[in-house]
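Here is how the chains run, residue by residue.
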Amino acid sequence: MDFDFDSNQQALRDSIRRYLKAEVAPRIDACEAERRIPQDLLQGLAQFGYIGGLLPEDAGGFDLDFVTWAMMVEEAGYCWGSLRTIVNITNIFLRLVQGHGTARQRERFLAPVLASEKSVCVAISEPNHGSNVAGIECRADDRGDHYLLNGSKLWITNGVNADCAIVLARTYSDTCQGKPSLFLVERAASPYAARLVDKMVLKASGTSELSFDDVRVPKENLLGAEGVALKTMLAGLNYGRLNIAMGAVGAAQAALDLSVEYAKTRRQFGRPIGEFQLIQKHIVDMMVRTEAARALGYKAAAAMQKGQPARIECSIAKLYAAEAAHEVARIALSVHGGLGYSTEYPLERIFRDTSGGIIPEGTAEVQTLIVGREVLGMSAINAAENKA
């Protein structure tokens, strides 16, 4: 399968590389220390289509194809894992509003997010429910002209910084008895508590716990119909999995490039360590994993571009690329020796951040079960499905 870029894609990639190297990379350490990515940094990326790039032009987007988008996400992952994560969650928010919002909601929420004037998050996971989205406990009770939202969310990217959240909650009304719905919750109008959850990976992604205690959400902020949120969220999983896969490819390539350069310049016993057989094996192993992950990622992007279901392609790409990137980073530490553990050198961050792609959008184990279900036609995720 041919994944060669045309001249426009190559020019876009080259422009993105120059910009990320000159304008974003020098700010990584400060943003990691502050545990956030400032809005002005996202505003600078908007020119390339990183914010709303897949939206149609009449909605303020760039109407990009999925292969071009995959290339852009790879470049973001190469530069910085937290950046790729914030870009991902921002675009998930935009795609949900564009695809399921009313005309009024699109008017209110798209423009400020596209202009990076408002920061957003998508609150799905809970303390007791991660991959099992159907088991959520957060609830929204109909109170006439508003809903009362109660419960908590955990591992929410950018939650502590967000001005607006899309929240998944089990809904109770005259027409909906416990099925999940989506709600647009504006923090200023419907205050909720947000606590930063510090962690070893993706430190600038603002991972948070959100708490809702009788939070009033206007009826007009229901996103889509009541009770159909699971179908809505499942329809967007391929997009998230492709993003993680291609971000992992970029991170793996960054670790590989650092190792190649180090093997050429680091000398031991009077010669470059790149002349040692074991170092060359490490480099080749890293390259094989990176190239395999890249091929799987672009195959998934091509399937999505053709309008195919792409469930197998995206799950395989996410499963392999996320684990391969972390393995490549681990091998890179072996090449670098003690230098690789220094926080003054980017490899230490890459090693930590690549472990952060294995769990989101469905763990490696969940991806395995998804592919198994598609291949065999039998589900191991819920044993009851096999008995039906």
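Below or above, wherever it landed, is the structure these notes cover. Predicted, not measured: the structure shown is a model, and the values here were computed from it.

Our next topic: the overall build of the protein. Along the protein, the regular secondary structure elements total 13 helices and 10 strands. At 21 Å, the protein has a C-alpha radius of gyration in line with the 21 Å of a compact globule built from 388 residues. Seen through its principal axes, the protein has C-alpha atoms that stretch 80 × 50 × 40 Å. The burial tally for the protein puts 53% of its 388 residues in the buried class. In the form shown here, the protein has an accessible surface area of approximately 17500 Å², with 53% of it arising from carbon and sulfur atoms. Put simply, the protein has 42 plus and 46 minus side-chain charges, and the middle of one group is 3 Å from the middle of the other.

To continue, consider the packing of aromatic side chains. Geometry of an aromatic ring pair is reported as the spacing of the ring centres plus the angle between the planes. Under the definition given, this model contains seven aromatic pairs. A centroid spacing of 5.7 Å and a plane angle of 70° characterise the contact between Phe-5 and Tyr-298, whose relative ring orientation is edge-to-face. Note that Phe-5 is positioned in the segment before helix 1 (7–24) and Tyr-298 in helix 9 (residues 277–305), a separation of 293 residues in sequence. Considered together, Phe-5 and Tyr-298 belong to a single accessibility category, that of buried residues. Through a chain of ring-to-ring contacts, the aromatic side chains of Tyr-50, Trp-69 and Tyr-239 assemble into a single cluster.

Applying the stated criterion to the full structure yields two cavities of 30 Å³ or more. Of the voids in this model, the largest cavity is the one considered here, and its volume is about 200 Å³. Its residues assigned to classes, the lining of the largest cavity comprises 10 nonpolar, seven polar and three charged. In this structure, the second largest cavity spans a volume of roughly 30 Å³. Lining of the second largest cavity is provided by His-100, Ser-181, Leu-182, Leu-223, Gly-224, Ala-225, Val-228, Ala-229 and Thr-232. If you list the elements that add at least two residues to the lining of the second largest cavity, you get strand 5 (177–186) and helix 7 (229–235). Residue composition of the lining of the second largest cavity, grouped by class: five nonpolar, four polar and no charged.

A few words on the layout of surface pockets. There is about 600 Å³ of room inside the second largest pocket. Contributing to the lining of the second largest pocket are 24 residues, with Glu-75, Tyr-78, Cys-79, Ala-254 and Asp-257 lying nearest its centre. Put simply, the parts of the chain that give the lining of the second largest pocket at least two residues each are helix 1, helix 4 (66–79), helix 8 (237–265), helix 9 and helix 11 (346–354). The class makeup of the residues in the lining of the second largest pocket is 13 nonpolar, one polar and 10 charged.

Moving on, we get to helix 9. Taking 1.5 Å per residue, 29 residues should reach 42 Å; helix 9 reaches 42 Å between its end C-alpha atoms and fits that length. In the stretch just after helix 9, Gly-307 is the one whose phi turns positive, near 80°.

Further remarks concern the pattern of salt bridges. Applying the stated rule across the entire model yields 16 salt bridges. Residue Arg-17 pairs with Glu-75 through a salt bridge whose shortest N-O separation is 3.0 Å. Taken together, the residues Arg-17 in helix 1 and Glu-75 in helix 4 connect sequence positions 58 residues apart. Owing to a relative accessible area of 41%, Arg-17 belongs among the partly exposed residues under this scheme. The class for Glu-75 is buried, based on a relative accessible area of 7%. Of the charged contacts in the structure, one is a salt bridge between Glu-291 and Arg-294, with a shortest N-O distance of 3.0 Å. In this pair, Glu-291 and Arg-294 both sit in helix 9, three residues apart, roughly one turn of the helix. Given the relative accessible area of 15%, Arg-294 is considered buried.

Here we come to the packing of helix 9 against helix 10 (residues 311–336). In the contact formed by helix 9 and helix 10, the axes pass within 9 Å of each other and the chain directions differ by 160°. One way to sum up the angle between helix 9 and helix 10 is to call them roughly antiparallel. Handedness of the helix 9/helix 10 crossing: left-handed. The residue inventory of the contact of helix 9 with helix 10, partitioned by class, reads 18 nonpolar, four polar and five charged.

As a further point, take the packing of helix 4 against helix 5 (residues 81–100). Two elements in contact, helix 4 and helix 5, have axes whose closest approach is 7 Å; the angle formed by their N-to-C orientations is 140°. Between helix 4 and helix 5, the angle is such that the two are oblique. Along its contact with helix 4, which presents Trp-69, Val-73, Ala-76 and Gly-77, the element helix 5 presents Gly-81, Arg-84, Val-87 and Asn-91. In terms of residue class, the contact of helix 4 with helix 5 is made up of four nonpolar, three polar and one charged.

Relative to the assigned elements, Asn-88 resides in helix 5. Sequence spacing of Asn-88 and Val-122 is 34 residues, and the spatial spacing of their C-alpha atoms is 10 Å.

Here is what the cut-offs are and how they apply
Residues numbered from 1 in each chain as written. Predicted model: local features only at pLDDT ≥ 70, side-chain atom pairs only at ≥ 80, totals over all residues. Heavy atoms only, no water. Helix = DSSP H or I, 4+ residues; strand = E, 2+ residues; numbered from the N terminus. Rg over C-alpha atoms; globule rule 2.2 N^0.38 Å. Buried < 20%, exposed > 50% of the residue type's maximum accessible area, 1.4 Å probe, protein only. Areas by Shrake-Rupley, 256 points an atom, 1.4 Å probe, with all protein chains shown as cover. Lys, Arg positive; Asp, Glu negative; His and termini not counted. Charge placed at Lys NZ, Arg CZ, Asp CG, Glu CD. Phe/Tyr/Trp six-rings, centres within 6.5 Å; stacked < 30°, edge-to-face > 60°. 1 Å grid on protein atoms, 1.4 Å probe; cavity = no way out; pocket = protein on both sides within 12 Å on 5 of 7 lines; lining within 4 Å. Points joined across faces, edges and corners; volume = space filled by probe spheres on them. Nonpolar A, V, L, I, M, F, W, Y, C, P; charged D, E, K, R; others polar. Expected span 1.5 Å × (residues − 1). Salt bridge = Lys/Arg side-chain N within 4 Å of Asp/Glu carboxyl O. Axes fitted to C-alpha atoms, helices over the stretch in contact; angles between N-to-C directions. Parallel < 35°, antiparallel > 145°, perpendicular 65-115°, else oblique. Left-handed = near helix turned anticlockwise from the far one by under 90°. Contact = heavy atoms within 4.5 Å.

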